[in-house]
Amino acid sequence: MNNYPGAMVMVAGSDSIDSYPQKCWPNCKKKCVPSVCKNANRRITIYKNFVNKNWELLAKEYKFWGGFKLNDFQGYMEEYKTLNKYQVVYFQKII
């Protein structure tokens, strides 16, 4: 961020893509079914929990947005709210 001060970073979990449950299911150790994958979205949950727990400190230096995917190519974002369940987190250093 020092080299590109206005850059925005997007954080999403590789287990959040629409096709993840079908890829996980054949080797699933949690006995899930493809329509209800217990492993899906774990990574983004970890990222959101970190932001939420450290919100007061992080919000002083960074601006955050939460995002929702409409499909693999489109989505939308809003100002980050700690109680919302986002599929993507965006942040940018406050200049």
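Presented here is an overview of the structure given in this document. All values reported here derive from a predicted model rather than from experimental measurement.

Cut-off values and rules
Residues numbered from 1 in each chain as written. Predicted model: local features only at pLDDT ≥ 70, side-chain atom pairs only at ≥ 80, totals over all residues. Heavy atoms only, no water. Helix = DSSP H or I, 4+ residues; strand = E, 2+ residues; numbered from the N terminus. Buried < 20%, exposed > 50% of the residue type's maximum accessible area, 1.4 Å probe, protein only. Contact = heavy atoms within 4.5 Å. Pairing = 2+ DSSP bridges. Patch = residues over 30% accessible without salt bridge, like charges linked within 9 Å, V, L, I, M, F, W, Y side chains within 5 Å. Areas by Shrake-Rupley, 256 points an atom, 1.4 Å probe, with all protein chains shown as cover. Salt bridge = Lys/Arg side-chain N within 4 Å of Asp/Glu carboxyl O. Expected span 1.5 Å × (residues − 1). Arc of directions from axis to C-beta.

**Overview of the overall build of the chain**
- Secondary structure assignment for the chain yields 3 helices and 4 strands.
- The N-to-C order of helical and strand elements in the chain reads β-α-α-α-β-β-β.
- In terms of principal-axis extent, the alpha carbons of the chain reach across some 45 × 30 × 25 Å.
- Here the chain, with 95 residues, has 26% of them falling under the buried criterion.
- Long-range contacts, defined here as pairs at least 24 residues apart, represent 57% of the contacts in the chain between residues at least 6 apart.

**Overview of the pairing of strand 2 (residues 62-69)**
- The pairing of strand 2 with strand 4 (residues 88-93) spans 6 bridges and is classified as antiparallel. The partner of Lys 63 across the bridge, within strand 4, is Gln 92.
- Of the pairings in the sheet, the one linking strand 2 to strand 3 (residues 75-79) comprises 5 bridges and is antiparallel in character. Bridging from a neighbouring strand, Trp 65 pairs with Glu 79 of strand 3.

**What about a nonpolar patch on the surface?**
- Among the surface-exposed residues, Trp 25, Val 33 and Val 36 lie close enough to one another that they form a single nonpolar patch of about 300 Å² accessible area.
- Along the chain, Val 33 falls in the loop between helix 1 (20-24) and helix 2 (42-53).
- The exposure class of Val 33 is partly exposed, given its relative accessible area of 44%.

**Topic: helix 2**
- A rise of 1.5 Å per residue sets the reference length of helix 2, with its 12 residues, at 16 Å; its end C-alpha atoms lie 17 Å apart and thus fit the reference within 8%.
- For helix 2, the set of buried residues is Ile 44, Lys 48 and Val 51. Looking down the long axis of helix 2, one finds its buried residues gathered within 60 degrees of arc, a one-sided arrangement. The exposed residues of helix 2 that point more than 90 degrees off its buried face are Ile 46 and Lys 53.
- Those residues of helix 2 that are buried lie in contact with strand 1 (8-11), helix 3 (55-61), strand 2 and strand 4.

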